[in-house]
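Residues per chain are reported as follows:
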Amino acid sequence: MLFGITWDTSNGDLAFALSILPILLRGMVVTIQATIAGFAIAMVLGLIFAVLKSVPLKIVSWPTIVITEFFRDTPLLVQLFFLYYVLADYNIILPAFATGALALGVQYSAYMAEVYRAGIEAVAKGQREAAKALDLSASRTFTHIILPQAVPRVVPALGNYLVSIMKDVPVLSVVTVLEMLGVARIIGDQTFNYLVPLSMVGGLYLIMTLVASALVRFVDAKLPKRGLPFK
Amino acid sequence: MSEPIIKFEKVVKSYGNYRVLNDLDFEVARGEKVTIIGPSGSGKSTVLRILMTLEKINGGVVSVGNEPLWHEQGPNGLVPAREAHLRKMRKQLGMVFQQFNLFPHMTVLRNLTEAPMSVLGLSKQDARERAEELLQLVGLADQLQKFPNQLSGGQQQRVGIARALAMRPKVMLFDEPTSALDPELVGEVLNVIAKLAEEHDLTMLLVTHEMRFAREVSDRVCFFDQGNIKEQGTPDELFTNPKEERTRAFLKAVLEG
Amino acid sequence: MPWFDYLKPLADGAWITVQLTVFSTILGALLSFIFGIGKLSDNWAIRAVSIAYIEIFRGTSLLVQLFWLYFALPIAGDAIGLDLRLPPVVAGVAALGLNIGAYGAEVVRGAIQAVTPSQYEAATALNFTRRQTLWKISLPQAIPEMMPSFGNLAVQNLKDTALASLISLGDLAFRAEQLRNYTQDSTTIYTIVLLMYFGMALVLTAMMRVLEASVGRWRGARS
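Residues numbered from 1 in each chain as written. Chains lettered and ligands numbered in written order. Predicted model: local features only at pLDDT ≥ 70, side-chain atom pairs only at ≥ 80, totals over all residues. Heavy atoms only, no water.

**Notes on the layout of surface pockets**
Residues and elements named next belong to chain C. Heads up, the rule is: For each structure, a 1 Å grid was placed over the protein atoms alone; sets of points admitting a 1.4 Å probe that cannot get out are labelled cavities, open sets with protein on both sides within 12 Å along at least five of seven lines are labelled pockets, and lining residues have an atom within 4 Å of a point. Grid points are joined across faces, edges and corners, and a volume is the space filled by probe spheres set on the points. Segments assigned H or I by DSSP are reported as helices when at least four residues long, segments assigned E as strands when at least two residues long, and all are numbered from the N terminus. The classification used treats Ala, Val, Leu, Ile, Met, Phe, Trp, Tyr, Cys and Pro as nonpolar, Asp, Glu, Lys and Arg as charged, and all other residues, Gly among them, as polar.
Empty space within the second largest pocket amounts to approximately 950 Å³. What lines the second largest pocket is a set of 30 residues, among which Y120, T129, R130, R131 and T133 lie closest to the centre. The greatest single-element share of the lining of the second largest pocket, amounting to six residues, is contributed by helix α6 (residues 130–160). Of the residues assigned to the lining of the second largest pocket, the class counts are 14 nonpolar, eight polar and eight charged.

**Let's talk about the interface of chain B and chain C**
Defined as follows: Should any heavy atoms of two residues lie within 4.5 Å, those residues are counted as being in contact. Buried area, as used here, totals the accessible surface that two parts lose on assembly, with accessibility defined by a 1.4 Å probe and the loss added over both. In the sections that follow, a salt bridge refers to a side-chain nitrogen of Lys or Arg positioned within 4 Å of a carboxyl oxygen of Asp or Glu. We call two N or O atoms a polar contact when they sit within 3.5 Å, provided that within protein one can donate a hydrogen and the other can accept it, with sequence-adjacent residues counted only if both atoms are side-chain atoms.
The partner chain C presents 22 residues to the 25 residues of chain B that form the contact. The junction of chain B with chain C conceals about 2100 Å² of combined surface from both sides, 57% of it contributed by carbon and sulfur atoms. For the chain B face of the interface with chain C, the top three residues by lost area are B:F103, B:H105 and B:N149, together amounting to 26%. Put simply, chain B and chain C have two salt bridges between them. B:E114 is paired through a salt bridge with C:K136; the nearest N and O atoms lie 3.1 Å apart. Summed over the shared surface of chain B and chain C, the result is nine residue pairs in polar contact (both at pLDDT 80 or more). Elements with a contribution of two residues or more to the side of chain B that touches chain C: α2 (83–90), β8 (93–96) and α3 (108–118) of chain B. The class makeup of the residues in the side of chain B that touches chain C is 13 nonpolar, six polar and six charged.

**Focus: the side chain of B:H105**
For clarity, the cut-off: Whether a residue is buried, partly exposed or exposed follows from its accessible area with a 1.4 Å probe, protein chains only, as a fraction of its type maximum: under 20%, in between, or over 50%, in that order.
With respect to the element layout, B:H105 can be found in the loop between β8 and α3. Overall, B:H105 belongs to the buried group, its relative accessible area being 10%. Side-chain polar atoms of B:H105 contact the backbone oxygen of C:K136, separated by 2.8 Å. Side chain to side chain, B:H105 and C:Q141 meet in a polar contact 3.5 Å long.

**Side note on the confidence of the model for chain A**
In plain terms, the rule: Confidence per residue, as judged by the predictor, is encoded in pLDDT with a range of 0 to 100.
Scored by pLDDT, chain A has a mean of 87; 96% of the residues are at 70 or more. Of all helices and strands in chain A, the one with the weakest mean pLDDT is helix α5 (residues 125–133) of chain A (78), whereas helix α2 (residues 58–73) of chain A scores best (92).

**So, the packing of α6(C) against helix α8 (residues 186–216) of chain C**
Residues and elements named next belong to chain C. For clarity, the cut-off: Only the contacting stretch of a helix is used when fitting its axis, a line to C-alpha atoms as for every element, and angles between N-to-C directions run 0 to 180 degrees. If an angle is under 35 degrees, it is roughly parallel; if it is over 145, roughly antiparallel; if it lies from 65 to 115, roughly perpendicular; otherwise it is oblique. Here a crossing is taken to be left-handed if its near helix is turned anticlockwise relative to the far helix by less than a right angle, and right-handed if that turn runs clockwise.
Closest axis-to-axis distance for the α6/α8 pair is 9 Å, and the angle between their directions is 165°. Between α6 and α8, the interaxial angle falls into the category roughly antiparallel. Relative to α8, the crossing made by α6 is right-handed. On α8, the residues touching P144, M147, P148, F150, G151, A154, V155 and L158 of α6 are Y197, M200, A201, L204, T205, M208, L211, E212, V215 and G216. In terms of residue class, the contact of α6 with α8 is built from 14 nonpolar, three polar and one charged.

**Regarding the interface of chain C and chain A**
Facing 37 residues of chain C, the contacting portion of chain A comprises 36 residues. Buried surface at the junction of chain C and chain A, both sides included, amounts to about 3100 Å², of which 75% is carbon and sulfur. For the interface between chain C and chain A, the tally reads eleven residue pairs in polar contact (both at pLDDT 80 or more). Those elements giving two or more residues to the side of chain C that touches chain A turn out to be α2 (44–59), α3 (62–79), α6, α7 (172–183) and α8 of chain C. Element by element, the count of residues in the side of chain C that touches chain A is highest for α8(C), at eleven residues. Residue composition of the side of chain C that touches chain A, by class: 23 nonpolar, nine polar and five charged.

**A short note on empty space enclosed by the protein**
With a probe scaled to a water molecule rolled over the atoms, the places where space remains empty come into view. Residue and element names in this part refer to chain B. Here the structure, examined in full by the defined rule, presents three cavities of 30 Å³ or more. A total of three residues in the lining of the largest cavity trace back to one element, the largest contributor, which is helix α5 (residues 153–165). Counted by class, the lining of the largest cavity contains seven nonpolar, two polar and one charged residues.

Now the structure itself:
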């Protein structure tokens, strides 16, 4: 029994599968929540890193480059354990879900920073020079000239990372977050039938990533692109 | 005129609603040197690309050496050709491309020996001898260990010609061989083609914008317009005394332009 | 325990991590080429199998795949009368290789399709068969283009090996967790471990750069 829902182990695999589906769907909700939370943290952190990297002071940009490289090149699982145990050592007690979302955010912030930078750099240099020639202020150039052109460029890449984050959420089960895979493990441990719940998680994941990818494509298609120099 | 080696009968080629070739009838005799001229979009290059099996036809029959190219004999008449038939037919044809299309990852020598070895089954020794002979012919005997991007455009195109000849085709197709070249490099390529035309009994089909060259080298010039031959004849007839208004307008435009 | 006493057990774990990375990357590279080329096949059955493989392994989570191979496969084997219990190292290498291979297959497919059509026209004009065109024309030009993406995938794979600790493989992440359980010295241990992973990733990146430079020569000499 989990979440107050009992499973049916005596009427064959199909009945078992049907009885645990609502439990797995509960887990799926947590998976989606963790994905969104991790994505949001990564977007914000990534933007901060992107800005810090572009600061013309080496004393700021270099450490940022090293830190983002470090975040990018070390395993999510180990980062997660680090946050989970080390923060506790310093009496910072976060709920498991928050720790997990933070780890996802940290890992992916490094990728996001790169996406932002590429998006901004892809806006033609001539655009910046034109803005300068028109005597637009730096902030106005950024918000009115650069961002509107950069955002549509970065959306597909950000969308891909959203899907990647979703596929990394199961790692959070090791710190007791009850997302879909963690739930399936518990069912397997208790019924000794891993085949049905784990196969169902695989199938549900396929559906989720297909839907998420379709969503990303939909958003990308809806963005205004008129008049922008796309390849 | 001896029997044709190339024959187009009522050939249709279209892209969507646009007809590039419009019931084209066209013949080339064995050993004949034919130049195709005409405005862009008139279907000149398409004729060559169809012969090289790079583009399918939508109607009619193309024959090479009395055998249908895009069809083979089925129990109830002609049926679309399969890859094996196309491979057999392609042996007779060689092509020189506008953009040279050399293999950038191979030396000049390997560009010339790879196909003779793996397609014709020549030994390494024989392929190399053949390559050296042909590089001599195009005047690049000392460049065989270079890579294509170390050569000028004119040199690359001469390698392209040698590479096609290494397969010993009966018919050579030249698709605007000098259009991608800087003006000062055009001459060296045309010289090689002229030499080939003079010294060999190859059948040659050439699409070009070089009118003076067309006049010197060809037995017959065909003026293509709107997917068909508008006018054809010996170079002298066509260039000095064109009958059609369209031909006159075209020649006037290119010769003065 | 002073921090340097952790180094020996952690180094043992790191060695397992290195082996896992090497074997699964090799397996992944093989699968990348098989299914990346398979997806471009003329044969619809080969194409279907390739697409199914790529979509299933890219569309589900690596950890789900790992657990499925380790926990669920033996039960599936039982049902058909086969002993499919995999030792952790086999399950680990298989899951990592299958997963990274699916991503690699898309890289291979993309790079082959990026070879310009005019190269294929030249190959047709010279009467190469489809197979000869693949081996002699497409792949030699496509492989150098694949290398940067392969480099990223190799680092991704190195990071992913940490998940193998969850099926009790004695890799670096596993040893770290063992030591932490024993000493409770989380900060020191996990700091060292993160730095070790970082170091391995930097070495791997450098190695992939060398490999990239060496296959770059296939592109033909630069003028």
